[in-house]
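Okay, here's what each chain looks like letter by letter:
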Amino acid sequence: MSLRLTVIGTGYLGATHAVCMAELGHEVLGVDVDPDKIGALRAGRVPFYEPELEELLAKHTASGRLRFTTSYEEAAEFGQVHFLCVGTPQREDSGAADLTYVDAVVEALGPHLTGPTLVAGKSTVPVGTAARLAQRLAELAPAGSRAELAWNPEFLREGFAVQDTLRPDRLVLGVRSATAEALLREVYAPVIATGTPVVTTDFPTAELVKTAANAFLATKISFINAMAELCETADADVSVLARAIGHDERIGARFLRAGVGFGGGCLPKDIRAFMARAEELGTGRSLAFLREVDAINLRRRDRVVELARELCGGSLPGRRVGVLGAAFKPESDDIRDSPALDVAARLRQGGADVSVYDPKAMDNARKAHPLLGHALSAEDAVRGADVVLHLTEWREFRELDPAALAPLAHHPRIVDGRGALDAAAWTAAGWDFHALGRASGAFEATP
């Protein structure tokens, strides 16, 4: 059955959710206070790169199933369910989450809710936020308690966001009534019909599911990077170590690739907000380990900078460094807290001539770091380089021909900061190959 949904906030999460809800057959109204963003979406343009999304946007704006507005009054009149999808960035004065945008949505939408309706939060928030917002919503809405709140966290992976929305591995419904649960089940009926598991729970648990999941992923990534630090000292090979322990089904192989670490708009700020909230609740010791998770992650960037300097003879001024990658991960143009750009910027500050190339993130990289060199291709970034750094694991980079690239470099030296390149092939082509957590000169092809 088709429902009328609004999606408030049309950034990465909101635009994706709006388009995918239309794809599931619902009538959708996207809402944002930024008229430029709304104008772009109305014209069929997604203001970021995400595979499949622009095609689906064009399909559903053309059909009339998906529209956009800046009016909360229009949204309240239209929607049976209102999805709250605004950002929760890290506060400038602490590691805590900034809930300004979340609160602003409730304050703006609430006074227009005159009849029974459901506001479903999808933003990542500190535990306890949903209960507070539910109370405020009831105070603001003319409908009173008939304007219900639910919490329905998202679990999107950038680069796979459409797939993760249309074919999620689970749905979490934080609700206080059978009516709210039934309405959300109706929204997701096509997804549930395919066998997607549904976890129905209370507000605090729903909020914690998201932050706990991100904390676990960050911990797993930092664990293998801690092993990489040890392997470098002990002359061991972290890639073989990871493969060996990954065969244990209790551990699993995913997220066990050592490298320059995680970044982006979620994991770093979410684990810091998680720690900050635990401190507020008086249980900071329970998440104290996340401080070292964060520290290990940042040390990997230090290690790449240090290794690049070593390979340049101990001094960066006058040296040319080619950087392959600007986005924090492949299949995205997102440069928020990108390890690749952080390393590139620090090398430039150290005096190196740095040239960066990324298949999708160059426009964002130019805006954020105009003083870096911006190459037109991987070959252009490599040309004349004293050392090349592979820092975002795009397929394009994995498929480069190392033999063809070697003559372009001033010195064919490469640091694989993602553990994704075929070390044997690069070494055979004459490259001085280095990877984090792996001793030089004893490489096998990446399986």
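As the structure is a prediction and not an experimental result, all values here were calculated from the model.

Calculation criteria
- Along every chain, residues carry numbers that run from 1 in the direction the sequence is written.
- In keeping with the predicted nature of the model, local features appear solely for residues at pLDDT of at least 70, side-chain atom pairs appear and are counted solely at 80 or more, and the whole-chain, interface and lining totals rest on all residues.
- Side-chain figures throughout are based on the complete set of non-hydrogen atoms in the structure, without hydrogens or water.
- When a carboxyl oxygen of Asp or Glu lies within 4 Å of a side-chain nitrogen of Lys or Arg, that pair is called a salt bridge.
- The way it works is that DSSP assigns letters per residue, a run of H or I at least four long becomes a helix, a run of E at least two long becomes a strand, and they are numbered from the N terminus.
- Per-residue accessibility, obtained with a 1.4 Å probe over protein chains only, is compared with the maximum for each type, and a residue is labelled buried under 20%, exposed over 50%, and partly exposed between these values.
- Here the positive residues are Lys and Arg and the negative ones are Asp and Glu; neither His nor the chain ends is included.
- Pairs of N or O atoms within 3.5 Å make up the polar contacts considered here, provided that, within protein, one atom can donate a hydrogen while the other can accept it, and that residues adjacent in sequence are counted only when both atoms are side-chain atoms.
- Pairs of residues are marked as contacts when any of their non-hydrogen atoms sit within 4.5 Å.
- What makes two strands pair is DSSP finding at least two bridges between them.
- Points on a 1 Å grid, built from protein atoms alone, make a cavity when a 1.4 Å probe fits but cannot get out and make a pocket when they are open with protein on both sides within 12 Å along at least 5 of 7 lines; residues with an atom within 4 Å of a point are the lining residues.
- Grid points are joined across faces, edges and corners, and a volume is the space filled by probe spheres set on the points.
- For this classification, the nonpolar set comprises Ala, Val, Leu, Ile, Met, Phe, Trp, Tyr, Cys and Pro, the charged set comprises Asp, Glu, Lys and Arg, and every other residue, Gly included, is treated as polar.
- One confidence number per residue, pLDDT, is output by the predictor and ranges from 0 to 100.
- Aromatic contacts are taken between Phe, Tyr and Trp rings whose centres are within 6.5 Å, Trp giving its six-membered ring; a plane angle under 30 degrees counts as stacked, one over 60 as edge-to-face, and the others as tilted.
- Lysine and arginine charges are scored as sitting over a ring when NZ or CZ, respectively, is within 6 Å of the ring centre and within 35 degrees of the ring normal.
- Side-chain atoms within 4.5 Å are what join buried Ala, Val, Leu, Ile, Met, Phe, Trp, Tyr and Cys residues into a set we call a nonpolar core.

Scanning all chains against the criterion turns up 36 salt bridges. When the shortest N-O distance is used, the salt bridge between Arg-136 and Glu-107 registers 2.7 Å. Of the two residues, Arg-136 is situated in helix H6 (residues 129–140) and Glu-107 in helix H5 (residues 100–109); the sequence distance between them amounts to 29 residues. Overall, the relative accessible area of 31% leaves Arg-136 in the partly exposed class. The residue Arg-291 makes a salt bridge to Glu-279 at a minimum N-O spacing of 3.2 Å. Taken as a pair, Arg-291 in helix H13 (residues 289–311) and Glu-279 in helix H12 (residues 267–280) lie far apart in primary sequence, twelve residues in all. Here Arg-291 falls in the partly exposed class, since its relative accessible area comes to 47%. Judged by its relative accessible area of 43%, Glu-279 is partly exposed. Overlapping salt bridges bring together Glu-229, Glu-232, Glu-292, Arg-299, Arg-300, Arg-303, Glu-306 and Glu-310 as one network.

It is worth spelling out the side chain of Lys-329 at this point. Within the fold, Lys-329 resides in the loop between strand S9 (320–324) and helix H14 (339–349). No salt bridge is formed by the buried Lys-329. Its closest oppositely charged neighbour is Glu-158, at 6.9 Å. A polar atom in the side chain of Lys-329 sits 2.6 Å from the backbone oxygen of Glu-158. The residues contacting Lys-329, other than those within four sequence positions of it, are Arg-157, Glu-158, Thr-392 and Trp-394.

Attention now moves to the sheet that holds strand S10 (residues 353–357). Where strands meet in a sheet, backbone hydrogen bonds hold them as pairs that are either parallel or antiparallel. Here six strands make up an open sheet; going across it, the order is S11-S10-S9-S12-S13-S14 and the pairing parallel. Two strands lie at the open edges of the sheet, namely strand S11 (373–374) and strand S14 (432–435), each paired on one side alone. Of the strand pairs in this sheet, S10 and S11 are connected by two bridges, and their pairing is parallel. Its bridge partner being in S11, Ser-355 is matched across the sheet by Gly-373.

Attention now goes to empty space enclosed by the protein. Enumeration according to the criterion identifies two cavities of 30 Å³ or more in this entry. Estimates place the volume of the largest cavity at around 90 Å³. Here the lining of the largest cavity gets five residues from one element, more than from any other, and that element is H12. The class makeup of the residues in the lining of the largest cavity is seven nonpolar, three polar and three charged. Within this model, the second largest cavity holds a volume of roughly 30 Å³. Per-class residue counts for the lining of the second largest cavity are three nonpolar, one polar and two charged.

With that settled, the discussion passes to the confidence of the model for the protein chain. Taken as a whole, the protein chain shows an average pLDDT of 96; of its residues, 98% reach a score of 70 or greater. Scored below 50 in pLDDT, residues 441–447 makes 21 contacts in the model with residues more than four places away or belonging to other chains.

We now examine the packing of aromatic side chains. Counting across every chain of the model gives four aromatic pairs. Ring geometry for Tyr-12 against Phe-48: centres 5.1 Å apart, planes inclined by 45 degrees, an arrangement best described as tilted. With a gap of 36 residues between them, Tyr-12 in helix H1 (residues 12–23) and Phe-48 in the loop between helix H2 (35–42) and helix H3 (53–63) connect regions that are remote in the sequence. Note on accessibility: Tyr-12 and Phe-48 belong to one class, buried. Relative to Phe-397, the ring of Tyr-357 has its centre 6.1 Å away and its plane inclined at 70 degrees; by these criteria the two rings are edge-to-face. Residue Tyr-357 is located in strand S10, and its partner Phe-397 is located in helix H17 (residues 395–398); the two are separated by 40 residues in the primary sequence. Accessibility classification places Tyr-357 together with Phe-397 in one group, the buried group. The cationic tip of Arg-170 hangs over the ring face of Phe-155; the distance from NZ or CZ to the ring centre is 3.6 Å.

A separate point is the pairing of S9. In summary, the side chains of a regular strand alternate between the two faces of the sheet. Burial of S9 is extensive: five of the five residues sit out of reach of the surface. The two faces of S9 match: Arg-320, Gly-322 and Leu-324 on one face and Val-321 and Val-323 on the other face are all buried. Of the strand pairs in this sheet, S9 and S10 are connected by five bridges, and their pairing is parallel. Pairing of Gly-322 across the sheet is with Ser-355, part of S10.

As a further point, take the nonpolar core. Among the nonpolar cores identified, the biggest contains 40 residues, and Leu-66, Phe-83, Leu-184 and Val-187 are the most heavily contacted of them. In this structure Leu-184 touches Phe-83, Leu-118, Ala-120, Ala-150, Leu-173 and Val-175, once residues within four positions along its chain are discounted. Val-119, Ala-143, Ala-147 and Phe-203 belong to the second largest nonpolar core, which has 33 residues in total.

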